[in-house]
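Structure at a glance
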Amino acid sequence: MIKKYIVLSLSIIFLVSCGGNATNAPATMEPTQAEPTLSPTPEVTMTPEPLDFPEITFDGMKDPYGIAINSLGNFYVTDAGNGRVLVFDNAGNLISTWDKQGSGDGEFKSMGFGGLAIDSNDNVFVVDNGNFRIQKFDKDGNYITQWGSEGTEDNQFVRAIGIATDQEGNVYVTDDGNPFVQKFDNDGNFIMKFGSQGNGDGQFSHATGIAVDLSGNIFVSDYELKRVQKFDSAGNFITVWKMGDDIGVSGIPEAIAVDAQGNVYVSDYLLGRIQIFDNDGNFISAIGGKSISSNPFKRPTGIVFDSNGKMYVVNQSGNNISIVDLP
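Below, the structure is looked at part by part.

Each value, and the rule that gives it
- Residues numbered from 1 in each chain as written.
- Predicted model: local features only at pLDDT ≥ 70, side-chain atom pairs only at ≥ 80, totals over all residues.
- Heavy atoms only, no water.
- Phe/Tyr/Trp six-rings, centres within 6.5 Å; stacked < 30°, edge-to-face > 60°.
- Helix = DSSP H or I, 4+ residues; strand = E, 2+ residues; numbered from the N terminus.
- Buried < 20%, exposed > 50% of the residue type's maximum accessible area, 1.4 Å probe, protein only.
- Lys NZ or Arg CZ within 6 Å of the ring centre and 35° of its normal.

**Quick word on the packing of aromatic side chains**
Within this structure, the stated rule accounts for 21 aromatic pairs. Measuring from ring centre to ring centre gives 6.1 Å for phenylalanine 58 and phenylalanine 88, while their planes differ by 80°; the resulting arrangement is edge-to-face. Residue phenylalanine 58 is found in the loop between β2 (55-57) and β3 (64-69), and its partner phenylalanine 88 is found in strand β5 (residues 84-88); the two are separated by 30 residues along the sequence. Judged by its relative accessible area of 25%, phenylalanine 58 is partly exposed. Under the relative-accessibility criterion, phenylalanine 88 is labelled buried at 0%. Seen in terms of ring centroids, phenylalanine 157 and phenylalanine 184 are 6.1 Å apart; in terms of plane orientation they differ by 55°. Their pairing is tilted. In this pair, phenylalanine 157 is assigned in strand β12 (residues 156-157) and phenylalanine 184 in strand β15 (residues 181-184), connecting sequence segments 27 residues apart. The two residues phenylalanine 157 and phenylalanine 184 agree in class, both being buried. Taken together, Tyr76, Trp98, Phe108, Phe137 and Tyr143 form an aromatic cluster joined through their ring pairs. The ring centre of phenylalanine 180 lies 4.4 Å from the NZ or CZ of lysine 193, which sits over that ring.

Here is the structure:
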């Protein structure tokens, strides 16, 4: 159900812009670091009133992670703490629960920090990281196929986390235990992979969030390196930018989503804020301040947009979903 609050229009929280040249907790546990000591930052202008957004809540939801929305406006959430997928209509009413436990077709095991994605035909791809696989369902939860096994080779996973689809229906998967992104066709056939271990251009330490824009560019967050990298559709490195330059605190980048204009939204899992960049990584604005207590989100792990200009943000710690009206 949707809890009613006063909805504030999204405004530019920070008026300090910065260029971007240069996102997630480990899959096994939440970060334990304390709120960081803040370094001096330029003076910023902030909204005087606290940000408060409507929330979708559901009794029993535990550690939700990923979120995706289909052509009907229904949205799907990985209720990871319960090893299931919840399906809501656009009014926030629960309409379906996929909760079979195990390792068989259509069953889930220890979903943890695992996302989901939806293609243009409303097929749903779910990261089932306890079973080291990706499962594909139709919009009603009917099992279609699966792929993956445990390991470090092609079509294998250690801790699969982020997942995204492109305009052609290809599926991209990040892995907290493998330093590369894998690309599959819509039926799960391996196409390619890119990346390697390290902190250089095109390398990953702990790749987590992933999104693909309408031009096929791929954006990947790195929890440990505190940055986002942009690649072309063939996996060639384009650019990289750091997080938190607007406040001097990098936090922990997690979810990534790209809107229809190509702007890139990145959640900060530690500080509970969302930063917005243009397609080349130049900072535009942020929702939230520089301290945990002043920010509206609680360990945000998933972002998705609907067709009406609303942004849905999964709060893992709050066990709910915030609804933000975008301008």
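Resuming the write-up.
**Considerations on the environment of asparagine 308**
With respect to the helices and strands, the residue asparagine 308 is situated in the loop between β25 (300-305) and β26 (310-315). Along the sequence, asparagine 308 and leucine 326 sit 18 residues apart, while their C-alpha atoms lie 9.0 Å from each other.

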